[in-house]
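Tertiary structure, described
The residues making up each chain are set out below.
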Amino acid sequence: MSAYASTELRAIKNLKQIARAEPIMPGTSICGGCGGLEALRLAAKALGEKTVFVNAAGCFTLLAVFPYTPLKGSWLYTNMASAPAGAQGVRDALDVLLRKGRLRPEEDVDVVVVAGDGSTYDMGLSSTSAAIFRNLDFWYFCYDNESYGNTGVQMSSATPYGARTSTTPVTPATREGTEHGKKDLFEIWRAHRPPYIATVSARYPVDLTNKFLKARRMKGPKLFIAHAPCPTGWLYDPEETAHYARLAVDTGLFALKEAVNGNVTHTLVRKRRRPVEDYLRGQGRYRHLFEPARNEEALRLIQEQVDRYWESVKG
């Protein structure tokens, strides 16, 4: 029996119930302290070993550099724009084998797109929309480190307002760095009416695991947006990844939620949120908001945006 079989379809209550088997071995080429890798590790535990990962070019391409791989599942590499199309091809091939009796139903595998925010929010959005429209039965795991992290930390449309990137530097004319806010990917997917969408954080592993277990009951497109603190791009010490991952949730900047058939539920609602400054201060990408002088207007705008969101949740 699979090490995962005992936890499939049943919600867990504590860390001890998370699968102990490690589908991703240590010693990868990924940056030390990568928050996205920890989220993928937990996701892979919930998914199990019968998995084909379809990787859009990005930071996680370094996870499987031929002939080496830390993964126990299979891995298919695609360019940034076409991972959902690759997933369609894999799913179609599996379905043909099943139909011809050359693959037994118990040997079937899950098809999982793994992509960064650059691919997910920008280049691959068109092919993703088409895959959802076709009701492709696949999982989509986005490690959102809020920039094109592997090519020099350029701005993506997931980069938040106020963050400095290599293409949105701080200048006398642009004191905030990035002037745009993030696309609302959760709502973009929800407009397509897929069966399941969720946001997850590695610092809340029980919540993350239960969302994957719940989604396993459903056929069709399933999205997971994983908050992915990035010491290389966000400019903090790698040992502080867990600290910033937790602060993102505790300040309300990253909301943990899910949508089942379009109905949204927040899976963690704090009675008292910490101020956003606790999360922003200490990250090099936001240093210009505090030094040499505080940018009170930018800090106020960020806090007000968070407050408005949570007021709307109270509805």
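A separate point is the overall build of the protein. Of the regular secondary structure elements, the protein holds 10 helices and 8 strands. Over its C-alpha trace the protein gives a radius of gyration of 19 Å, about what one expects of a compact globule, namely 20 Å for 315 residues. In terms of its C-alpha atoms, the protein occupies a principal-axis envelope of roughly 70 × 40 × 35 Å. Every one of the 315 residues in the protein was classed for burial, and the buried ones make up 53%.

Over the atoms, a rolled probe matching the size of one water molecule traces out where space is still vacant. In this model, the largest pocket occupies a volume close to 730 Å³. Lining the largest pocket are 28 residues, and of these K182, K183, L253, F254 and Q305 lie nearest its centre. At the level of secondary structure, the elements contributing two or more residues to the lining of the largest pocket comprise α5 (185-191), β6 (222-227), α9 (277-280) and α10 (296-314). When residues of the lining of the largest pocket are assigned to their parent elements, the largest contribution, 4 residues, is made by α10. Among the residues making up the lining of the largest pocket, the classes are represented as 16 nonpolar, 5 polar and 7 charged.

With that out of the way, let us pick up the packing of aromatic side chains. Evaluation of the coordinates by the stated rule reveals 13 aromatic pairs. Plain terms: the ring middles of Y236 and Y244 are 4.9 Å apart, the flat faces sit at 50° to each other, and that makes the pair tilted. Since its relative accessible area comes to 7%, Y236 is described here as buried. Look at Y244 and you get buried, because its relative accessible area is 3%.

In total, this model carries 25 salt bridges according to the counting rule given. Residue D110 is joined to R216 by a salt bridge in which the shortest nitrogen-to-oxygen separation is 3.0 Å. With D110 in strand β3 (residues 110-116) and R216 in the loop between α6 (205-215) and β6, the pair connects residues that are 106 residues apart, well separated along the chain. Each member of the pair, D110 as well as R216, carries the same accessibility label: buried. Residue R274 is joined to D278 by a salt bridge in which the shortest nitrogen-to-oxygen separation is 3.1 Å. For R274, a relative accessible area of 40% translates into the label partly exposed. Note on D278: relative accessible area 25%, which makes it partly exposed. Through salt bridges with shared partners, a single network forms among E22, E38, R41 and K45.

As a further point, take unusual backbone geometry. The omega torsion across E291 and P292 is -5°, close enough to zero to call that bond cis. As for its position among the elements, P292 is in the loop between α9 and α10. Its identity as a non-glycine residue notwithstanding, L235 has a phi of 60°, on the positive side. In this fold, L235 is placed in the loop between α7 (231-234) and α8 (241-250).

Cut-off values and rules
- Residues numbered from 1 in each chain as written.
- Predicted model: local features only at pLDDT ≥ 70, side-chain atom pairs only at ≥ 80, totals over all residues.
- Heavy atoms only, no water.
- Helix = DSSP H or I, 4+ residues; strand = E, 2+ residues; numbered from the N terminus.
- Rg over C-alpha atoms; globule rule 2.2 N^0.38 Å.
- Buried < 20%, exposed > 50% of the residue type's maximum accessible area, 1.4 Å probe, protein only.
- 1 Å grid on protein atoms, 1.4 Å probe; cavity = no way out; pocket = protein on both sides within 12 Å on 5 of 7 lines; lining within 4 Å.
- Points joined across faces, edges and corners; volume = space filled by probe spheres on them.
- Nonpolar A, V, L, I, M, F, W, Y, C, P; charged D, E, K, R; others polar.
- Phe/Tyr/Trp six-rings, centres within 6.5 Å; stacked < 30°, edge-to-face > 60°.
- Salt bridge = Lys/Arg side-chain N within 4 Å of Asp/Glu carboxyl O.

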